[in-house]
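# Close look at the chain arrangement
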Amino acid sequence: NDEGRIVQCDCSADAISAQLSRKSIERFRSIEETSGVDFYAEVGNLTIVGSREQSPAVRDSVDGILTTSCGRASVVGPISERFPYCSVPSTCCGLLATTNAGYVSPRRLVLAQIEIARQNGCDVIRDA
C-alpha cells in the first residue's frame, strides 16, 4: 500500500524544472484549503551530495546556506555528526531543505482535485 511521494524543489535540475517544481509545491496549501483535504506534509528533505570537495552545490554555498531558484538549503556536513542514525561515509555532506520539501499522498491529492472540481460545478462520475 504505497501511499507517499517525495516532493522537493530539485536545485540540481535546470532552471525551468526547478521553477515549475517550486511553483507547484507552493500551490499545495491553497489546494488543501480550498478542498478541505490535507495531502501535503512539509517535513523537509535531506539530499546527500558527497564530500565538500565533490559537490559544486556545497562549494557554492555562502556561510553554510545555498540559495537557488528553489529557495534555501542548509549545508549539513558531515552528515554523520548531525544525523548519526544515517549510515553514510563520514565525509558525506548534505543539503537540508526545510521548506518546499516533504511528501504528498497522491490518493488524497486526487480527492482534493475532485472536490475542487465538484465545487466548481463539475459532475463527478465514480467508476464502479
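Our subject in this report is the structure included herewith.

Basis of the calculations
- Residues numbered from 1 in each chain as written.
- Predicted model: local features only at pLDDT ≥ 70, side-chain atom pairs only at ≥ 80, totals over all residues.
- Heavy atoms only, no water.
- Pairing = 2+ DSSP bridges.
- Helix = DSSP H or I, 4+ residues; strand = E, 2+ residues; numbered from the N terminus.
- Phe/Tyr/Trp six-rings, centres within 6.5 Å; stacked < 30°, edge-to-face > 60°.
- Buried < 20%, exposed > 50% of the residue type's maximum accessible area, 1.4 Å probe, protein only.
- Contact = heavy atoms within 4.5 Å.

### Some thoughts on the sheet that holds strand β7 (residues 101-104)
What the three strands build is an open sheet, ordered β1-β7-β2; its pairing is antiparallel. Both outer strands of the open sheet, β1 (5-8) and β2 (40-41), are each paired with one neighbouring strand and no more. Pairing between β1 and β7: four bridges, direction antiparallel. Looking at β7, one finds that I6 is bridged to Y103.

### Focus on the packing of aromatic side chains
This model, assessed by the stated rule, comprises three aromatic pairs. With centroids separated by 5.0 Å and ring planes inclined at 65°, the aromatic side chains of F28 and Y40 adopt a geometry described as edge-to-face. Highlighted residues: F28 in helix α1 (residues 15-35) and Y40 in strand β2, separated in sequence by twelve residues. Relative accessible area serves as the criterion here: at 8%, Y40 is assigned to the buried category. Members of the aromatic cluster, joined through ring pairs, are F28, F39 and Y40.

### Here we look at the environment of I65
Assignment of secondary structure puts I65 in strand β4 (residues 65-68). Classification of I65 as partly exposed rests on a relative accessible area of 23%. In sequence terms I65 and L96 are 31 residues apart; their C-alpha atoms lie 9.4 Å from each other. Every residue in contact with I65, bar those within four places of it in the chain, is listed here: R72, A73 and S74.

Read these as geometric descriptors, not functional statements.
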